[in-house]
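Chains, contacts and geometry: an overview
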Amino acid sequence: MSQTPFFENLDQIFVLLQHWLVSFLPTSWQPAAGVLLSVAAIVCLFPALFALTTVFERKGLARIQNRLGPNRVGPFGIFQPIADAIKSLTKEDIVPLSADAAVHFLAPLLLVITVFMGFAVLPMGRNMVLVDLDAGLLFYFAMGASSELAVFMAGWSSRNKYSLLGAMRAVAQMISYEVPLLLSSVAVVMITGSLSLTKIVEAQNQYTWGLPHWYIFTPWGFAGFVMYAIATTAETNRSPFDLPEGESELVAGYHTEYSGFKFALFFLGEYVAMFSISGLGTTLFLGGWSAPLSFLTWIPSWIWFFSKLMLSIFVFIWMRGTLPRLRQDQLMNFAWKFVLPMCLVNLLVAALWRFMGDGWLRWVFCSAILIAAYAGMGLGEMRRQRLGPRSYRYAE
Amino acid sequence: MSEMQSHSAILADKPESWNRPAVMEPEGEGELMEVAMGPHHPSTHGVFRMDVALDGERVMRLRPVFGYLHRNHEKIAEGQSYLASMPYTDRLDYICPITNNWAYALAVEKLAGQEVPERAEYLRVILGELTRFQNHASSIGFLTQEMGAMGTPLMYAFREREKILDLFEELTGARMMVNYMRFGGCRVDASPGWLERTRKVVAGLAGFVDEFDRLLSTNEILMARTQGVGVLKAELAVNAGVTGPMLRASGVNYDIRKVDGYGIYNRFNFRVPLGDHGDVYDRYMIRMLEMRESIGILQQALREIPAGPVMSPTAKLRGFRPKRGEAYGRIEAPKGELGFYLISNGGPNPYRYRVRPPSLINLTVLEDMCLGVNVADVVLIFGSVDIVLGEVDR
Amino acid sequence: MLGEGILKGMAETAKNFFGSYFSAERLTTVEYPEQRIAPYEAARVFPFLVFDGSDWEAGMRCVACQICEKECPPKCIFIEKSKDKKPDALGKQQFYPARFDIDISVCMSCQICVEVCPFEAIKMDTEYELSTDNRFGGLLLDRRQLAKSNQYYHQIHPAEADGVDARLAAEKAKADAKTKITAEAKTAAIAGEGA
């Protein structure tokens, strides 16, 4: 469906803005200036979004718990992050005497830098990719894995056995869940035939009878999305996989010895990683910037992208408010013994899907395999650990 | 891995000091890591310390250290009249002041041979079961809070608890430190308006328990964290004097409301749920089921409450001097068997005043439950014992 | 199926989340100090001394019998009896407290002083916003600070105050009837002697 010029311009407004601003400079400087402008935009936007998310999180958790969240600083507490920022900036920066000062200083910086690098390849709207790499997905995962180094640096440099334990646990968790993360993305790559994120979005930006071709609406895509979501929650240390940050546990966590602004940087890094990985999930499974119904394409593409992103964040907050946390060994068991096999089954199903050709048969076949695998493995896990609902008797 | 000593062997051991040798042998070389959990700790239910010796992540030795909240309750009671100790009993198990009051009043009434009118007994049952309900709800809330559920079940439990505390305030004047029971009945009568409001609150409680159940009981993560963790065998529980939901979760049928039938409990129809495994999940579910039974008792009591006085005409407020003798009055408090042992020498003050604190006695088996478990589970097991430091330390 | 319990739990929290925007049952916050919950009639915080009429010294019901001081569990009441007497509501000469201090940092609001007072002189107040920045003097209330009128008592505990007034009126009526009988007997005796 053709869009009116107004909506087309609205859709491309940031691209047009960038071109306009850059046109004031001499031609030889324009490409570099354009890129710098986009980088500046990303570096300003996502921390602002992070600030808003902290308020949303507190208010969301509060509303789940039948109470109001922060509502004193600004209307509905919107300016609360400003108060938090001032607090963290004015706190004394304590570095332990025996800590490795250089590593201690670099760890939060490295975390923040690698996390922001991931945004370079995410298509946030039509024609709104900072760098259109052919191997964008590969680049993204490389950056994601590098952020784990920062976590370990933080724990190591603190010279505190509890921080080190916490860091090792966190890194073990993150590495274990990298594998399902990648495997579920590989299914998408197999079907699309390309590692480029822009091509993945374009492949999903088609409509049949008004409904989109998002991968989540296919059996393998749905299963892949579920596995990806579980892996994401574990990668970003969110509930129910937030044992490395657990307050009621013995080990205090890798960021114990950090105070003030450095702690705020860790916090920032965690949330921006959450945005980044949700953005990737949106791109891979939820169609990126494509609209859910074909007659809604007049709404700008970047609005769709960010709405889906915020929806993912909301689901994260919802899970945090509901679920208790898993113990470390249970977490790892879950990764290796349930999520990983399911991802492998999903790969098989994706291949079947591709080669069975169009028609209802592949839907039935693939769904049946996935449901059987899920139910079977789920039951097996529960039975193996002798878990399950119980009935109770009463005294005579 | 070497075998654990059998439990009865440990108890028969009767060590001289607390520095027992490790009852488990660590695998491999290396020292045990000694850690003190508490007294400043987000999840120790008050000021309480556990000295834990760890081999990697598994607990080899655990020594509870308490006494941080000791307030000389029993000694103070020897220096003041029986009535003056009543407000102090509120502050023992400060989550359940009504049942503390009741146990003390029962002991003194036994000592003095005092009768209690019918309406007072019904009011005691109503308030006692309301207390039990809010205690169990809060206890489950605290347990899930320690598990990392970010306080959501706790906030729901507290929402219901607020309704019950509002009822208490309307009747007795205070939300928590009620000071309501007297020797020979209750301090003030309940108005028909109060009874109506109580009926309304009780009508809403069943829906809350259903909601709570749906939120928690089949949650796979909760099951994974609590099933099979912190098992307490029935034999050890009985030998150690454990009472209350912990004992019933290990499968022992012992509920003082049924055994003694104190007050008018034998007029009510209620069942006693029993667990089979004795793990944390069983204790959690027993508390959930007991909440449902409490609702049943409340509905019956609110229907049948007769009119009449709430204080026995022979009760004396001032100048109360029971005859020489001793008495032990015990009730099924929400945490276990709460008993008061009083010795009177004919004077206005008790000669000896002793509280049998269920929390403390249930705590003696903490080490036995925690041996060999992951340190992350120690906090859960401790939470499932459901203690209040006011009672442990008095 | 694995995950069913988790989804049920999440449905519960979603219900609470959306419910908090619509029903007061699901959002129980009272934003103090802009909103305050009115205390129940039976609520009790710290004691106060009741006086009848408008003169707090002359109308104070307390006769310094010191029963509340003896019965108070944490011993937070300090009374000094006066040397002289003043007439009470029934006209009888009674002692009065030259000093009546309550240390509210010690008081545990148990209400035993109210129960044992034979003269309906000490009752429980409902004011709880008593923060002060003087830990010792600020929390030791003397008899001037403790004295509040019977009208105030009617305001905070209407039913209780009505009951107290009825009892005191009955006592006064009995005492009046007794004095009337004694007076009549006296006049009759005098008249009888005269005749």
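Keep in mind that what you see is a predicted model, and the values were worked out from it rather than measured.

**Overview of the confidence of the model for chain C**
Residue and element names in this part refer to chain C. Averaged over chain C, the pLDDT score is 87; the fraction of residues at 70 or greater is 98%. Ranking the elements of chain C by mean pLDDT puts strand β3 (residues 86-87) last with 80 and strand β6 (residues 122-124) first with 93. Across the interfaces of the predicted complex, the ipTM metric reaches 0.86, alongside a pTM of 0.89.

**Things to note about helix α3 (residues 30-64) of chain A**
Each α-helix winds once per 3.6 residues, and so residues spaced three or four apart point in a common direction. For α3(A), spanning 35 residues, the distance from its first C-alpha to its last is 49 Å, which sits close to the expected 51 Å at 1.5 Å a residue. All of the buried residues along α3(A) are S38(A), F46(A), T53(A), V55(A), K59(A), G60(A), L61(A), A62(A), R63(A) and I64(A). Tucked into the core, α3(A) has its buried residues touching α2 (13-22), α4 (80-89), α10 (261-285) and α11 (301-322) of chain A, α6 (152-172) of chain B together with α1 (4-22) of chain C. Following α3(A) by one or two positions, N66(A) adopts a phi angle in the positive range, close to 60°.

**Looking at the interface of chain B and chain A**
Counting residues at the interface gives 35 residues for chain B and 30 residues for chain A. Elements with a minimum of two residues in the side of chain B that touches chain A: β1 (33-37), α5 (118-147), α6, α8 (220-226), β6 (273-274), α12 (280-304) and α15 (375-385) of chain B. Here the side of chain B that touches chain A takes 5 residues from α8(B), the largest share from any one element. Across the side of chain B that touches chain A, the residue classes tally to 19 nonpolar, 12 polar and 4 charged. Examined bridge by bridge, strand β3 (residues 393-394) of chain A and β6(B) share 2 bridges and lie antiparallel to one another. The residue of β6(B) that forms the bridge with R393(A) is L274(B).

**A look at the sheet that holds strand β5 (residues 97-103) of chain C**
Spatial strand order, β2-β5-β7 (chain C): 3 strands in an open sheet with antiparallel pairing. Looking at strand neighbours, the two that pair on one side only are β2 (77-81) and β7 (140-141) of chain C, the edges of this open sheet.

**Topic: unusual backbone geometry**
Of note, the amide linkage connecting Y32(C) to P33(C) takes the cis form, showing an omega dihedral of 0°. Inspection of the secondary structure puts P33(C) in the loop between α1 and β1 (47-51). Here N237(A), not a glycine, exhibits a phi torsion of approximately 55°, which is positive. Within the secondary structure, N237(A) sits in the loop between α9 (219-235) and α10. Even without glycine at this site, E120(C) takes up a positive phi of about 50°. Assignment of secondary structure puts E120(C) in the loop between α4 (112-116) and β6.

Rules of the game
- Residues numbered from 1 in each chain as written.
- Chains lettered and ligands numbered in written order.
- Predicted model: local features only at pLDDT ≥ 70, side-chain atom pairs only at ≥ 80, totals over all residues.
- pLDDT = per-residue confidence, 0-100.
- Helix = DSSP H or I, 4+ residues; strand = E, 2+ residues; numbered from the N terminus.
- Expected span 1.5 Å × (residues − 1).
- Buried ≥ 20, exposed ≤ 12 C-beta atoms within 10 Å, placed from the backbone.
- Contact = placed C-beta atoms within 7 Å.
- Nonpolar A, V, L, I, M, F, W, Y, C, P; charged D, E, K, R; others polar.
- Pairing = 2+ DSSP bridges.

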